Amino acid sequence: MQRKNAPVFKSFSGFCDLHGFSQLITQPTRVCESTQTTIDLILTSDKSRISGKGFIACGLSDHYMIFCTRKKLKQRAGCHKTVTSRDLKTYSSEAFNLELESLD
């Protein structure tokens, strides 16, 4: 935003500060003949989870295309996952419906 003393900017900044958000894109994303503004936002509360960010100039619009890539979280080695499943060999839809009807 251009006018940092505008009420909308103060309100938005207060919202971001309250929730711990920070803006990833800091360069202007809209380039007109008279102004350059950053109006396209990517907000995050944890910059350490972002591996890349930026913008791509394309000729289709006066806005640049913005992007960010997240880091892949590593699984802990040696950690077991427990999967529970139901045995559906003896499943009966009629018995299931009767059981549902008997419940309060």
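Residues numbered from 1 in each chain as written. Predicted model: local features only at pLDDT ≥ 70, side-chain atom pairs only at ≥ 80, totals over all residues. Heavy atoms only, no water.

> Before we move on, can you summarise the overall build of the protein chain with the specific residues and values?
Scanning the protein chain for helices and strands turns up two helices and six strands. Seen in sequence order, the protein chain has helices and strands lined up from the N terminus as α-β-β-β-β-β-β-α. For 104 residues, the compact-globule formula gives about 13 Å, and the C-alpha radius of gyration of the protein chain, at 25 Å, lies well above that figure. Over its C-alpha atoms, taken along the principal directions, the protein chain stretches across nearly 70 × 40 × 35 Å. Sorting the 104 residues of the protein chain into buried and exposed places 12% on the buried side. Here the contacts in the protein chain between residues at least 6 apart in sequence split such that 37% fall between residues at least 24 apart. Between the mean site of the 15 positive side-chain charges and the mean site of the 10 negative ones, the protein chain shows a separation of 17 Å. (Helix = DSSP H or I, 4+ residues; strand = E, 2+ residues; numbered from the N terminus. Rg over C-alpha atoms; globule rule 2.2 N^0.38 Å. Buried < 20%, exposed > 50% of the residue type's maximum accessible area, 1.4 Å probe, protein only. Contact = heavy atoms within 4.5 Å. Lys, Arg positive; Asp, Glu negative; His and termini not counted. Charge placed at Lys NZ, Arg CZ, Asp CG, Glu CD.)

> So what's going on with the confidence of the model for the protein chain? Residues and values would help.
On average, residues of the protein chain score 83 in pLDDT, and 93% of them are at 70 or above. Element-level mean pLDDT values for the protein chain span from 68 in strand β3 (residues 36-37) up to 91 in strand β4 (residues 43-44). (pLDDT = per-residue confidence, 0-100.)

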